Amino acid sequence: MKVLVVNAGSSSLKYQLVDMTDESVIAKGICERIGTAGNISHKLADGRKFEKDVPMPDHTVAFSCVVEALTNKEFGVIESMQEISAVGHRIVQGGSLFSHSVLVDEDVIQKIEGLAELAPLHNMAHVQGIRACIACMGKDVPQVVVFDTAFHQTMPQTSYMYAVPYEYYEKYGVRRYGFHGTSHRYVSGVMTDILGKVEGTKIITCHIGNGSSITAVKDGKCMDTSMGFTPLAGVEMGTRCGDIDPSVVTFIMKKDGLSPDQMNELMNKKSGFFGISKFSSDSRDIEDAISHGEKDAHYKQAKLAQDILCQGIKKYIGSYAAEMNGVDAIVFTAGIGENSPALRAEVLSDLDVLGIKIDPKMNEKAFRQSENICISAPDSKVLVYVIPTNEELVIARDTKEIVEKL
Ligand code: AMP
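Here the structure is a predicted model, which is why all the values come from computation and not from measurement. (Residues numbered from 1 in each chain as written. Predicted model: local features only at pLDDT ≥ 70, side-chain atom pairs only at ≥ 80, totals over all residues. Heavy atoms only, no water.)

## Regarding the layout of surface pockets
Rolled over the atoms, a probe sized like a water molecule indicates the empty space that remains. Operational definition: Site definitions follow a grid-based scheme: protein atoms alone, a 1 Å grid, a 1.4 Å probe that fits but cannot get out for cavities, and for pockets an open set with protein on both sides within 12 Å along at least five of seven lines, plus lining residues having an atom within 4 Å of a point. Grid points are joined across faces, edges and corners, and a volume is the space filled by probe spheres set on the points. Where helices and strands are cited, they refer to DSSP runs of H or I of at least four residues and of E of at least two residues respectively, numbered from the N terminus.
In this structure, the second largest pocket encloses a volume near 340 Å³. Going through the elements one at a time, β8 (143–147), α6 (181–195), β11 (221–225) and α15 (391–404) are the ones with two or more residues in the lining of the second largest pocket.

## Observations concerning the packing of helix α1 (residues 59–71) against helix α3 (residues 120–137)
Operational definition: Note on definitions: angles span 0 to 180 degrees between N-to-C directions of axes, and those axes are lines fitted to C-alpha atoms, for helices only across the stretch in contact. Throughout, the term roughly parallel applies to angles under 35 degrees, roughly antiparallel to angles over 145, roughly perpendicular to angles from 65 to 115, and oblique to all others. Each crossing is labelled by how the near helix is turned from the far one, with a counterclockwise turn of less than a right angle marking it left-handed and a clockwise turn marking it right-handed. A contact between two residues is defined here by any heavy atoms of the two lying within 4.5 Å. By the convention adopted, Pro, Cys, Tyr, Trp, Phe, Met, Ile, Leu, Val and Ala count as nonpolar, Lys, Arg, Asp and Glu as charged, and the other residues, Gly among them, as polar.
Running from amino to carboxyl end, α1 crosses α3 at an angle of 55°, the nearest separation of the two axes being 8 Å. By the angle between their directions, the pair α1 and α3 is classed as oblique. α1 and α3 meet at a crossing whose hand is right-handed. Every residue of α3 that contacts α1 at His-59, Thr-60, Phe-63, Ser-64 and Val-67 is listed here: Ala-125, Gln-128, Gly-129, Ala-132, Cys-133, Ala-135, Cys-136 and Met-137. For the contact of α1 with α3, the class distribution of residues is 8 nonpolar, 5 polar and no charged.

## Examining the packing of helix α10 (residues 283–291) against helix α11 (residues 299–324)
Contact pair α10 / α11: the axes reach a minimum separation of 8 Å and the direction vectors enclose 125°. Taken together, the axes of α10 and α11 lie oblique to each other. For the crossing formed where α10 meets α11, the hand is left-handed. Residue-level contacts link Ile-286, Glu-287, Ala-289 and Ile-290 of α10 to Tyr-299, Ala-302, Lys-303 and Gln-306 of α11. Residues that form the contact of α10 with α11 fall into these classes: 5 nonpolar, 1 polar and 2 charged.

## Some words on the sheet that holds strand β13 (residues 373–374)
For clarity, the cut-off: Being paired, for any two strands, means DSSP has found at least two bridges between them.
Across the sheet, 6 strands lie side by side as β11-β10-β9-β12-β14-β13; this open sheet has mixed pairing. Where the open sheet ends on each side, the last strands, each with one partner, are β11 and β13. With respect to the sheet, α6 is in contact with β9 (202–208), β10 (212–218), β12 (329–333) and β14 (383–386), its orientation differing from that of β9 by roughly 140°. Its contacts with the sheet put α11 on β9, β10, β11 and β12, and the angle it makes with β9 is roughly 160°.

## Some details on the packing of aromatic side chains
Our working rule: Aromatic contacts are taken between Phe, Tyr and Trp rings whose centres are within 6.5 Å, Trp giving its six-membered ring; a plane angle under 30 degrees counts as stacked, one over 60 as edge-to-face, and the others as tilted. Accessibility here uses a 1.4 Å probe with only protein chains present; expressed as a share of the type maximum, an area under 20% marks a residue as buried, one over 50% as exposed, and anything in between as partly exposed. Two thresholds decide whether a charge sits over a ring: the Lys NZ or Arg CZ must be within 6 Å of the ring centre and within 35 degrees of the ring normal.
Tallying each qualifying case throughout the model produces 7 aromatic pairs. Their ring planes at 10° and their centres at 4.3 Å tell us that Phe-98 and Phe-147 sit as a pair that is stacked. In this pair, Phe-98 sits in the loop between β6 (84–91) and β7 (102–103) while Phe-147 sits in strand β8, placing the two residues 49 residues apart along the sequence. For the residue pair Phe-98 and Phe-147, the accessibility class agrees, reading buried in each case. Among the aromatic side chains, those forming a connected cluster through ring pairs are Tyr-160, Tyr-166 and Tyr-169. One residue, Arg-175, lies across the ring of Tyr-160, its end atom 3.7 Å from the ring centre.

## Observations regarding the side chain of Asn-72
The cut-off we apply is this: Here a polar contact is taken to be a pair of N or O atoms separated by no more than 3.5 Å, where protein atoms must pair a possible hydrogen donor with a possible acceptor and residues adjacent in sequence count only if both atoms sit in side chains.
Residue placement: Asn-72 occurs in the loop between α1 and β6. Exposure remark for Asn-72: the relative accessible area of 17% places this residue in the buried category. Within the local environment of Asn-72, its side chain forms a polar contact with the backbone nitrogen of Phe-75, the two atoms lying 2.9 Å apart.

## A closer look at α15
One full turn of an α-helix is made of 3.6 residues, so residues set three or four places apart face in the same direction. The condition that has to hold: Each residue after the first adds 1.5 Å to the expected span of a helix.
An ideal rise of 1.5 Å per residue puts 20 Å on 14 residues; α15 measures up with 20 Å between its terminal C-alpha atoms. Every buried residue of α15 is accounted for by Glu-391, Leu-393, Val-394, Ile-395, Ala-396, Asp-398, Thr-399 and Val-403. Buried residues along α15 sit against β1 (2–8), β2 (13–19), β6, β8, α6 and β9.

## A look at the sheet that holds strand β4 (residues 39–44)
Pairing in this open sheet of 8 strands is mixed, and the strands run β5-β4-β3-β2-β1-β6-β8-β7 from one edge to the other. Each having just a single partner strand, β5 (49–53) and β7 make up the two edges of the open sheet. Judged from the 7 bridges that link them, β2 and strand β3 (residues 24–32) form a sheet pairing that is antiparallel. Note on β3: the bridge partner recorded for Leu-13 is Cys-31. Against the sheet, α3 makes contact with β1, β6 and β8, and its axis sits at roughly 165° relative to β6, the strand it touches most.

As structure tokens, this is what we get:
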């Protein structure tokens, strides 16, 4: 069975064709600048790739470019789209309505649209992606939606409620939803496999990338997570501020006369690494500046940005260990989690209180690796692993499982 995984954003459409017989990726790519110009970049499993500018006024035209790339005479990997058995879509916000992946029908599409208020940039784009698929592949090809929020639906109410008047939860659904759930589910699943059991396990998964979130996973289920009502909460991120005293919001708005939208932009796009370092949102630039020492003009602010993130992750590890009354394993994943030995070493330093000991050599080795690597010392009381995330594989697996039952 071949499954096409689609991640439609407001101006982009990422795709991956997966052969489910061995879960290998046959081809993948991305359409960018949809709505303004249009560009497709397509890669094959054997390393061949092409990139071209094609006008893409909307997602349907972008999807037809994907069809063309997959079936193209020179670079094509399939004879026709009929070889694709199903499509799996990534959806950011499933609210309290979706705790599992589901088959798409008109009712599901309308529910995803109805949740758009909670994720305005994402959900409408996902729906455009689904409709583009239907337009290009027809109604008979089953489509499945996999939600970033679904894994977090097992949180107890004490984890997901905010102590604002209860009516805001009842009227508008104001609560913690959590995000990156597909990634937390995948890496915690790999970790329970390594531990050899699910029941009785206590795992903290740290998805640290441009967006970051940390999750407490007890008995294989999410118990608490750092992102909240939106993906703005939690630790410091590339351009997002993470947790702040809510009064800071009204204070800055009043002082600088900012509108809610301007304040939203400040917290989402101008804060985090970018806001503190004053020069970059990318951890590679931050670590580069730190490595040059005081002589680098950005050193001081870059170091502060990195230290704030490390302390933030450490705080979550401590609080989740307390919340679960222990921790068996800590997992690092995503762009920074998988590729920054320096960050992991700093986060895990001085955690003797939890019995955590790192193997420095293994920690250094865990950089741009595709396999799971144990970075804790043999006498560490807590296992620490670097596990490359694979959200697309989870989407493909869920899609296969649902479609096979039809
Ligand atoms: P993600 O959102 O998971 O794609 O992660 C993006 C972040 O990961 C950016 O801050 C990148 O700088 C960082 N990142 C990705 N690859 C590397 C790498 N090889 N070394 C250090 N940081 C990396």
